[in-house]
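These are the residues of each chain, in order.
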Protein chains: 2
Amino acid sequence: MFWSVLGTIAAICTTVGFIPQIIRGIQTRELRDVSPTMLTLLLVGCSLWLTYGIHLKNPIIALANGFTLSFVITILLMRSLYKKRTQERNDHR
Amino acid sequence: MFWSVLGTIAAICTTVGFIPQIIRGIQTRELRDVSPTMLTLLLVGCSLWLTYGIHLKNPIIALANGFTLSFVITILLMRSLYKKRTQERNDHR
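Now for a quick tour of the structure.

Scoring rules and cut-offs
- Residues numbered from 1 in each chain as written.
- Chains lettered and ligands numbered in written order.
- Predicted model: local features only at pLDDT ≥ 70, side-chain atom pairs only at ≥ 80, totals over all residues.
- Heavy atoms only, no water.
- Helix = DSSP H or I, 4+ residues; strand = E, 2+ residues; numbered from the N terminus.
- Expected span 1.5 Å × (residues − 1).
- Buried < 20%, exposed > 50% of the residue type's maximum accessible area, 1.4 Å probe, protein only.
- Contact = heavy atoms within 4.5 Å.
- Polar contact = N/O pair within 3.5 Å; in protein donor to acceptor, adjacent residues only side chain to side chain.
- Nonpolar A, V, L, I, M, F, W, Y, C, P; charged D, E, K, R; others polar.
- Least-squares fit on C-alpha atoms with pLDDT ≥ 70 in both.

1. A short note on helix 4 (residues 59–91) of chain A
So, step 1. Compared with an ideal rise of 1.5 Å per residue, which puts 33 residues at 48 Å, helix 4 of chain A spans 48 Å between its outermost C-alpha atoms and is within 8% of the ideal.
So, step 2. Regarding helix 4 of chain A, the residues found buried are Ile61, Ala62, Ala64, Asn65, Thr68, Leu69, Phe71, Val72, Ile75, Met78, Arg79 and Tyr82 of chain A.
So, step 3. Buried-residue contacts for helix 4 of chain A involve helix 1 (2–16), helix 2 (19–28) and helix 3 (36–56) of chain A together with helix 2 (18–28) of chain B.
So, step 4. Two or three places before Ile60 of chain A, at the start of helix 4 of chain A, stands the capping residue Asn58 of chain A, its side-chain oxygen 3.0 Å from that residue's backbone nitrogen.

2. Regarding the interface of chain B and chain A
So, step 1. Chain B puts 34 residues into the contact, and the matching count from chain A is 34 residues.
So, step 2. Counting across the chain B and chain A interface gives 13 residue pairs in polar contact (both at pLDDT 80 or more).
So, step 3. Going through the elements one at a time, helix 1 (2–16), helix 2 and helix 3 (36–56) of chain B are the ones with two or more residues in the side of chain B that touches chain A.
So, step 4. It is helix 3 of chain B that contributes the most residues to the side of chain B that touches chain A, 13 residues altogether.
So, step 5. Partitioning the side of chain B that touches chain A into residue classes produces 20 nonpolar, nine polar and five charged.

3. Quick notes on the relation of the copies chain B and chain A
So, step 1. Of the transformation superimposing chain B on chain A, the axial component is 0.0 Å and the angular component is 180°, with the fit at an RMSD of 0.0 Å. Both copies of the chain, as the preceding transformation shows, are related through a two-fold rotation axis.
So, step 2. A shared binding surface is used by both copies, with 100% of the interface residues of chain B retained as interface residues in chain A.

Below, the structure written as structure tokens:
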């Protein structure tokens, strides 16, 4: 029981951990310092973890990675959008 | 066999994924856009995953999270260092 709770808290922390990054991005409209290679590797990694979790029929692994994957994709899309906007602003100067 | 390989590749991606962030930080000397709340939650989460992995005697979970933990701590320390330097530069202006 204790260990399942600990594993669940661990999964929640590493999943919801990406939400503050999304909030910070929305507030500052800047995600330049966040490595796109990191985001791409996390995208591939979480997709594989999700597949592995579904195969193992382990809801914690599957759900945690499903959510993390959606957050990572969101950050990646936000980063591209902000980068494009910054470039457009610079082009108009 | 296929599934163990897939799980291992998943673990490698979500672990080494943080290395490009460290490299980018060293190159640009800026980690301002990386959320400190995200890093703190990942630090707590990875510490718990590491404990859980040791308890389960699962080397993949333990090793992957041990490495990720060390990378997250590195990024957190680099961020504090760069922030301090930027503040000192601004104070001298």
